Amino acid sequence: MSILANNKISDGQFVRDNGWTRPWNKYQIATWITLFVFALIAWGVEIISLHPNAWAAAYTVTGVLFVVVTILLIVTTGIDPSDDNSLEHRKRTKKAAAIFDRSKHKHVIESGFCHICECIVLESSKHCQPCNKCVKGFDHHCMWLNNCIGTKNYGLFLALLAVALMGCIAMLGIGLFVFFNAFFNNYLLNPDIWWWQLSGGFVAFEIIIGIKIILLVVAAALICQLGVFHMMLIHRKQTTYMHFKKQEEKRELQKKLASETERSLNFDDMPVPACSERQSEHATGGGERVSSPADLKEDPNTFSNINHSYAVDVA
């Protein structure tokens, strides 16, 4: 099996226990690389550029935040958020997941029974396609953790967002202070900065710090947006899945109403069929005259139903 994978499962019988189960996701690997690169730049380039009196506080704050983020990443990724019945059934039977047959079933979960996990699951559980298992209190599948977020790890996920945001703000503050003071007020910085002594080092590392600042701003904005979104969901007592499912149902309803309205307008615009004199005589047996289109327009009460194409006056 390949070490890397996207968010789609290639083998219908594969089940991911947690985010550390291979294949790993490329976004998950990018998360860890970014975390360590940012930490190295902060500790090896930016903080040592500060005045020595600020080293202890800067290293302590960023070091504590780094350790907490790392622990939360490891634990949140390593938790198996499976539905309890699904997990117990999988451990007891040691069977691979069944392959879903759409010719036999319309939905993966019907009447509380999952046709892939082959067991009864909780009402809040949903079957995650990338992990190929039912997840208790399913919220969403996080590609950055390569794991599902559900009841069992949702609290840790929110804590990870909060601490990651604090880390971004701390590193952003240090980076901005070093970046601008290196140009204008370098007397506020450490006079013995090693990268200033390198040929072209000042420009190179200022560019690196500038790129890091931009990435931190983007990361902080995305984390803030995600955090606010989840606060809204908690207030509404919804999950991410429920929210987007509801949005999808609203769009489908709007499409249906728009289609019915368009059909109704098209029907109203249809011309009233005209009858020739001979057709009128034939329809009435040579007796009473059939109303002409002009008569129909003059007397709207002639129509008792919009489905009638013409009306006959009966004596």
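What counts, and at which threshold
- The residue numbers shown here count from 1 along each chain, following its written sequence.
- Given that this is a predicted model, residues contribute local features only at a pLDDT of at least 70 and side-chain atom pairs are listed and counted only at 80 or more, while totals for whole chains, interfaces and linings are drawn from all residues.
- For the side-chain quantities, the full set of heavy atoms in the structure was used; hydrogens and water were omitted.
- Nonpolar cores are built from buried Ala, Val, Leu, Ile, Met, Phe, Trp, Tyr and Cys residues. Side-chain atoms within 4.5 Å join them into one set.
- Buried, partly exposed and exposed residues are distinguished by accessible area as a fraction of the type maximum, computed with a 1.4 Å probe on protein chains only: under 20%, between the cut-offs, and over 50%, respectively.
- In this text, helices come from DSSP runs of H or I with a minimum length of four residues, and strands from runs of E with a minimum of two, each type numbered from the N-terminal end.
- The contact rule is simple, with two residues in contact once any of their heavy atoms fall within 4.5 Å.
- Only rings of Phe, Tyr and Trp enter the pairing, Trp through its six-membered ring, and a pair is recorded when the two centres are within 6.5 Å. The plane angle decides the type: under 30 degrees is stacked, over 60 is edge-to-face, the rest tilted.
- A helix is expected to reach a length of 1.5 Å times the quantity of its residues less one.
- Strand pairing is assigned whenever DSSP identifies at least 2 bridges connecting the two strands.
- Between N-to-C directions, angles span 0 to 180 degrees; the directions come from axes that are lines fitted to C-alpha atoms, helices contributing only their stretch in contact.
- Roughly parallel covers angles under 35 degrees, roughly antiparallel covers those over 145, roughly perpendicular covers 65 to 115, and oblique covers all other angles.
- Each residue receives one of three labels: charged for Asp, Glu, Lys and Arg, nonpolar for Ala, Val, Leu, Ile, Met, Phe, Trp, Tyr, Cys and Pro, and polar for the others, Gly being one of them.

Undergrad: Describe in detail the nonpolar core, supporting the description with residues and values.
TA: One finds Leu73, Leu145, Trp195 and Ile209 to be the most contacted residues of the largest nonpolar core, which totals 41 residues. Elements with a minimum of two residues in this core: α1 (26–46), α2 (55–78), α4 (154–181) and α5 (201–236). Non-local contacts of Ile209, meaning those with residues more than four positions away in its chain, are made with Val45, Glu46, Gly175, Val178, Phe179 and Trp195.

Undergrad: Can you lay out the packing of aromatic side chains for me, pointing to particular residues and giving the numbers?
TA: In the structure shown here, the tally under the stated rule is eleven aromatic pairs. Centroid distance Phe138 to Tyr241: 5.9 Å. Interplanar angle 75°. Geometry classified as edge-to-face. One end of the pair, Phe138, is in the loop between β7 (133–135) and β8 (140–142); the other, Tyr241, is in helix α6 (residues 240–268), with 103 residues separating them in the sequence. Classification of Phe138 as buried rests on a relative accessible area of 10%.

Undergrad: Just give me the short version of α2, but keep the residues and values in it.
TA: Its 24 residues give α2 an end-to-end C-alpha distance of 34 Å, which sits within 8% of 34 Å, the value for a rise of 1.5 Å per residue. Looking only at α2, the buried set comprises Ala58, Thr62, Gly63, Leu65, Phe66, Val69, Thr70, Leu72, Leu73, Thr76 and Thr77.

Undergrad: Help me get a handle on the sheet that holds strand β4 (residues 113–114), residues and values and all.
TA: Ordered by their spatial adjacency, three strands build an open sheet running β3-β4-β5, and the pairing between neighbours is antiparallel. Looking at which strands have only one partner, the edges of the open sheet turn out to be β3 (109–110) and β5 (119–120).

Undergrad: Would you mind going over the packing of α1 against α2 in detail, with residue names and values included?
TA: At a minimum axis distance of 11 Å, the contact between α1 and α2 shows a crossing angle of 170°. Here α1 lies roughly antiparallel to α2, going by the angle between them. On the side of α1, the interface is formed by Gln28, Thr31, Trp32, Leu35, Phe36, Ala39 and Trp43, while α2 contributes Tyr59, Thr62, Gly63, Phe66, Val69, Thr70, Leu73, Ile74 and Thr77. Residues belonging to the contact of α1 with α2 are distributed by class as follows: ten nonpolar, six polar and no charged.

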